[in-house]
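A look at the structure
Each chain, letter by letter, is given below.
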Amino acid sequence: MKNDPAALYSEHRSFLIGLAYRMLGSVAEAEDAVQEAFVRAQSAPTDDVASPRAWLATVVTRICLDQLRSARVRREQYTGDWLPEPVRTDLPGAVVQPRDPEDAESLSLAFLLLLERLSPLERAVFLLHEVFDYSHAEVAAILERDEVAVRQLMSRARAHVKEGRPRFPADPDRHRELVMRFAMAIGQGDLGGLQSLLAKDVVARSDGGGRAKAARRAVHGDDRVARFVMGLSRKASADVKFELMEINGRTGIGWSNAGGLLGVLALTVDGDRVVEIDLVVNPSKLSGISARG
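Now for a description of the structure that goes with this document. Per chain, residue numbering runs from 1 following the sequence as it is written. In keeping with the predicted nature of the model, local features appear solely for residues at pLDDT of at least 70, side-chain atom pairs appear and are counted solely at 80 or more, and the whole-chain, interface and lining totals rest on all residues. In computing side-chain values, all of the structure's heavy atoms are included and hydrogens and water are not.

The subject of this paragraph is the environment of Ala 149. For Ala 149, the location among the structural elements is in helix H7 (residues 147-164). We classify Ala 149 as partly exposed; its relative accessible area is 26%. Helix and strand assignments follow DSSP, with helices taken as H or I runs no shorter than four residues and strands as E runs no shorter than two, numbered in order from the N terminus. Working definition: with a 1.4 Å probe on protein chains only, accessible area under 20% of the residue-type maximum means buried, over 50% means exposed, and in between means partly exposed.

Moving on: the sheet that holds strand E6 (residues 273-280). With mixed pairing, six strands are arranged side by side in an open sheet as E2-E1-E6-E5-E4-E3. Only two strands of the sheet have a single partner each, and these edge strands are strand E2 (219-220) and strand E3 (241-247). Where strand E4 (residues 250-257) lies against strand E5 (residues 260-270), five bridges are found, and the strand directions are antiparallel. Within E5, the position partnered with Asn 257 by the bridge is Gly 260. Contacts: residue pairs with any heavy atoms within 4.5 Å of one another. Working convention: axes come from line fits to C-alpha atoms, limited for helices to the stretch in contact. Angles between N-to-C directions cover 0 to 180 degrees. Those strands touched by helix H8 (residues 172-187) are strand E1 (198-207), E3, E4, E5 and E6, and its axis lies near 35 degrees from that of E4. Relative to the sheet, helix H10 (residues 222-235) contacts E1, E2 and E6, its axis offset from that of E1 by approximately 45 degrees. A pair of strands is labelled paired if DSSP reports no fewer than 2 bridges between them.

Attention shifts here to the pairing of E1. The side chains of a regular strand alternate, residue by residue, between the two faces of the sheet. Extensive coverage of E1 is indicated by the burial of seven of its 10 residues. Judged from the six bridges that link them, E1 and E6 form a sheet pairing that is parallel. When the sheet's bridge partners are listed, Asp 207 is paired in E6 with Val 280. The pairing of E1 with E2 spans two bridges and is classified as antiparallel. Within E2, the residue paired with Ala 204 across the bridge is Val 219.

This part takes up the side chain of Thr 251. Structurally, Thr 251 is set in strand E4. Its relative accessible area of 13% is what places Thr 251 among the buried residues.

Written out as structure tokens, the structure reads:
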């Protein structure tokens, strides 16, 4: 690569961080992976590289695979449910943003959590092929695998992801409408109205990481989830401010006080009902959300 390193970084950084974030579920770890890739680019003999973007994507993917394998152990020892680090995508200069409206799903907390069901290789294959439109042959080259093996990995990954995806995902406007009704029901203390927005088998997960109060296990069922959410809102102090914000490509809810952001809540909608609620209150996963977007 004869290109100027600074120009390369400016041109490809957004794409690479988007790839690494979807692989790792952490903005900080994604930024570290991309930085490491550019460090390698500066010292590698790459004058004959035809596509710097493809070369960098290969390096970032392999760095992420190494990180995912070690992350599995850490996440198994995590206090309570582990959720991906949220990112706010409606601020100018947000480090991670949907490439287009249809791409928002691949950034959602629910989708990133769904990818945790896959092996690291399955996750890489699925993201490279399904989200970033690399061909099977290109994915095979990136992962140094036979193309037949890549197709098998893709088939398994697609089946796992299909099991957990909403059958009828709401469009952005409908999603925002349901979030607003959800927030209104909470604000009015309307338990019945809140429950009416939830699917019978809705699940709520909370990530406090042992550093903030959160349910240690997922809460299931419309009645229990409605009471759980309403209970959280009633415990909020009078100086807490709730607001709508775009979290991982879709409208969600954030709350804060004078000290800063306290938590974010993201909803997954199937048809006209909420099927999943992801609540992140771990301070270490919120500390950079405003600064990074």
